[in-house]
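# Architecture at a glance
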Amino acid sequence: MEPKEYRQRVQRLEPQRPIARNALWAFVVGGIICLVGQVVQSGLMAVGYTEETVKAPTAIIMVFLGALGTALGVYDRIAKLGGMGANLPITGFSNAVVAPAMEFKQEGAIMGTGARIFQIAGPVIAYGLLTAFVVGIVRFAIMGGKP
Amino acid sequence: MSYLLAFVVGGALCLVAQLVMDLTRTTPAVILVGSVMLGAIAGGFGLYEPFAKFAGAGATVPLPGFGFSLVSGLIKELPKEGWVALFSGAFKATGAGIKAALIFGILASFVTRARA
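Attention here is on the structure that accompanies the text. (Residues numbered from 1 in each chain as written. Chains lettered and ligands numbered in written order. Predicted model: local features only at pLDDT ≥ 70, side-chain atom pairs only at ≥ 80, totals over all residues.)

When helices and strands are tallied, chain A shows eight helices and zero strands. Listed N to C, the secondary structure of chain A is α-α-α-α-α-α-α-α in terms of helices and strands. Taking 15 Å as the expected radius of gyration for a compact globule of 147 residues, we find that chain A reaches 20 Å, considerably beyond that expectation. On the principal axes, the C-alpha backbone points of chain A span a range of 60 × 45 × 40 Å. Relative to its full complement of 147 residues, chain A shows a buried share of 45%. Across chain A, contacts joining residues at least 24 apart in sequence account for 57% of those joining residues at least 6 apart. (Helix = DSSP H or I, 4+ residues; strand = E, 2+ residues; numbered from the N terminus. Rg over C-alpha atoms; globule rule 2.2 N^0.38 Å. Buried ≥ 20, exposed ≤ 12 C-beta atoms within 10 Å, placed from the backbone. Contact = placed C-beta atoms within 7 Å.)

And the structure:
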């Protein structure tokens, strides 16, 4: 079978995606998570972090919340409802690291948890770094070292 | 006001990502990788920084903000470190989040029972 034909058959058999409802839930769930992120960031700035120094601790706290939700089994349920609304925020990145780390525990600490921990986050980091590298070279070529 | 902006803008980014995923029938992994790359490119052209100033966490919490951080960390190190920053810069701004996820992931694997 040609790959194209195969894809068409799969598409015909795949259940219809409720596009409007998915989009709405992605908006609501993603919006709430970003709102929480803003609360964390504003809270940190209220206790003395500057616009420059607030980014890392905000990321750490959001990652912690995502990890906690994943460990408690709550995040998977949020993600089922919110789709990209739960996957796109940094809490979803955390979920993508923590969930396989837990799930593949039974395959051992090294080849289970250790190897699978980057299963989803790995491609994101790899291609993110590659893009940043290329963008950096272009900037370096055009503007030298100027910020 | 900043809370409302974070909600609306962050929600809108997620909505667009969900729409693109459903309409192109692609997988979440493709959308996540694409988002980071788009954020990095927008960051390189200087477009993401004003967006992040405007929308706060609404722009920095979703994954394109991660791509932006990769690039902005690199650009910030360029004047100091020259070409070495092409290799070392990107992790400076994003290392904390990545390491936090790894640490919490390993800890979670210790304290939770493996689920079948």
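What follows continues from the structure just given.
When its secondary structure is counted, chain B shows six helices and zero strands. Starting at the N terminus, the α and β elements of chain B follow one another as α-α-α-α-α-α. Dimensions of chain B along its principal axes, counting C-alpha atoms only, are 50 × 35 × 30 Å. Every one of the 116 residues in chain B was classed for burial, and the buried ones make up 53%. Partitioning the intrachain contacts of chain B with sequence separation of at least 6 by distance along the chain shows that 60% fall at a separation of at least 24.

Our next topic: the interface of chain A and chain B. With 66 residues of chain A at the interface, the matching set in chain B holds 63 residues. Each residue belonging to the side of chain A that touches chain B can be placed in one class, and the counts come to 41 nonpolar, 19 polar and six charged. (Nonpolar A, V, L, I, M, F, W, Y, C, P; charged D, E, K, R; others polar.)

Attention now goes to helix α6 (residues 90–103) of chain A. The terminal C-alpha atoms of α6(A) lie 20 Å apart, and with 14 residues this matches the ideal 20 Å at 1.5 Å per residue to within 8%. Among the 14 residues that make up α6(A), 13 are buried, leaving the element largely enclosed by the rest of the structure. (Expected span 1.5 Å × (residues − 1).)

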